[in-house]
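Architecture and fold: a report
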Amino acid sequence: NAGVTQTPKFRVLKTGQSMTLLCAQDMNHEYMYWYRQDPGMGLRLIHYSVGEGTTAKGEVPDGYNVSRLKKQNFLLGLESAAPSQTSVYFCASSYGRASGGSEAFFGQGTRLTVV
Amino acid sequence: GQQLNQSPQSMFIQEGEDVSMNCTSSSIFNTWLWYKQDPGEGPVLLIALYKAGELTSNGRLTAQFGITRKDSFLNISASIPSDVGIYFCAGQLLIRNDMRFGAGTRLTVKP
């Protein structure tokens, strides 16, 4: 079982370049999330989606855009990368709300460096 | 910014010792979760708590949902080397659909 798959696993970008991170899940989950992880900061929520065609802002949405055109995919875009966006990005998915007993499953992360 | 305050930031313990870490918030959460992250991996769920006062165990791990709904703790008994990793608390606010995470506790276990 694939679970949550993130591509690419590593990427180096130059300042100002754009890129898209892909998250794919094969569990028919409704909810999907994008987090970034920085040393000493834990996981901070960028954007999330509660179903196909929906997106919502998290704690740190600036500089990022997302799309959920298909239920199984959640794309995270950086239009003009900045060094402050150097981080490890994690995607997660869950069937429903955590409060409803739905466990979130995480991908293995994408390590992005912006130079 | 972070809505969850997790402490301690790091712990260095001897194998066999017990460990305790906690999370507090100024907001009321209706769900508390504890995750573990191994190096190079994504977080994996250890324990989920849904009711104030709830005490739940998973092997050597025990977690409690605080009565005020603004805190939670995780205990690990008789630590072993494979307990090494980063432990995160996470919570869901009553009025939101997303999960927020604490900054993590990095645990090192010396054999």
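Quick summary incoming for the structure in this document.

Calculation notes
- Residues numbered from 1 in each chain as written.
- Chains lettered and ligands numbered in written order.
- Predicted model: local features only at pLDDT ≥ 70, side-chain atom pairs only at ≥ 80, totals over all residues.
- Heavy atoms only, no water.
- Helix = DSSP H or I, 4+ residues; strand = E, 2+ residues; numbered from the N terminus.
- Rg over C-alpha atoms; globule rule 2.2 N^0.38 Å.
- Buried < 20%, exposed > 50% of the residue type's maximum accessible area, 1.4 Å probe, protein only.
- Areas by Shrake-Rupley, 256 points an atom, 1.4 Å probe, with all protein chains shown as cover.
- Lys, Arg positive; Asp, Glu negative; His and termini not counted.
- Charge placed at Lys NZ, Arg CZ, Asp CG, Glu CD.
- Phe/Tyr/Trp six-rings, centres within 6.5 Å; stacked < 30°, edge-to-face > 60°.
- Contact = heavy atoms within 4.5 Å.
- Pairing = 2+ DSSP bridges.
- Axes fitted to C-alpha atoms, helices over the stretch in contact; angles between N-to-C directions.
- Buried area = accessible area lost by both parts, 1.4 Å probe.
- Salt bridge = Lys/Arg side-chain N within 4 Å of Asp/Glu carboxyl O.
- Polar contact = N/O pair within 3.5 Å; in protein donor to acceptor, adjacent residues only side chain to side chain.
- Nonpolar A, V, L, I, M, F, W, Y, C, P; charged D, E, K, R; others polar.

Our next topic: the overall build of chain B. Check the secondary structure of chain B and you find 0 helices and 11 strands. In chain B, the succession of α and β elements from N to C terminus is β-β-β-β-β-β-β-β-β-β-β. For 111 residues, the compact-globule estimate of 2.2 N^0.38 gives 13 Å, and the C-alpha radius of gyration of chain B, at 13 Å, lies within 12% of that figure. Summarising its shape, the C-alpha atoms of chain B cover approximately 45 × 25 × 20 Å along the three principal directions. Residues classed as buried in chain B amount to 45% of the 111 residues present. About 5,000 Å² of surface is accessible on chain B, with carbon and sulfur atoms providing 53% of the total. Counting 9 positive and 9 negative side-chain charges, chain B places the averaged centre of each group 9 Å from the other.

For the structure shown, the criterion picks out 11 aromatic pairs over all chains. Seen from their ring centres, Y31 of chain A and Y33 of chain A are 6.5 Å apart, and the 45° between their planes marks the pair as tilted. Aromatic pair F29 of chain B and W32 of chain B: ring centres 5.1 Å apart, planes at 45°, arrangement tilted. Ring pairing ties together the aromatic residues Y31, Y33, Y35, Y48 and F106 of chain A together with Y35, F88 and F101 of chain B, which thus form one cluster.

Residues and elements named next belong to chain A. Counting through the fold element by element, S93 comes out in strand β9 (residues 87–94). For S93, a relative accessible area of 0% translates into the label buried. The residues touching S93, leaving out its near neighbours within four places in the chain, are V4, Q25, M27, H29, Y31, M32, Y33, E103, A104 and F105.

The subject of this paragraph is the sheet that holds strand β8 (residues 73–78) of chain A. Residue and element names in this part refer to chain A. Strand order in the open sheet formed by 4 strands is β1-β3-β8-β7, with antiparallel pairing between adjacent strands. The two strands at the open ends of the sheet, each matched to only one other strand, are β1 (4–7) and β7 (64–67). Shown here is a sheet whose adjacent strand axes are inclined to one another by a mean of 20°, direction ignored. Alignment of strand β3 (residues 19–25) against β8, held across 6 bridges, turns out to be antiparallel. Residue L22 lies in a different strand from β8, and its bridge partner there is L75.

Right, let's talk about the environment of I47 of chain B for a bit. Residues and elements named next belong to chain B. For I47, the position within the fold is in strand β5 (residues 44–49). The spatial distance from the C-alpha of I47 to the C-alpha of M21 is 14 Å, given a sequence separation of 26 residues. In contact with I47, not counting residues within four places along its chain, are W32, L33, W34, T56, S57, N58, L61, T62, A63 and L74.

Right, let's talk about the interface of chain B and chain A for a bit. Facing the 25 residues of chain B at the interface are 25 residues of chain A. In total, about 2,000 Å² of surface goes out of reach between chain B and chain A, with carbon and sulfur atoms giving 50% of it. Here chain B and chain A share 1 salt bridge between them. Note that E59 of chain A and R100 of chain B form a salt bridge whose closest N and O atoms lie 3.8 Å from each other. Between the two partners, chain B and chain A, sit 3 residue pairs in polar contact (both at pLDDT 80 or more). At the level of elements, β4 (29–37), β9 (85–93) and β10 (100–101) of chain B are the ones that each hand at least two residues to the side of chain B that touches chain A. Ranked by the residues each element gives to the side of chain B that touches chain A, the list is headed by β4 of chain B, at 5 residues. Here the residues of the side of chain B that touches chain A are counted per class, giving 11 nonpolar, 10 polar and 4 charged.

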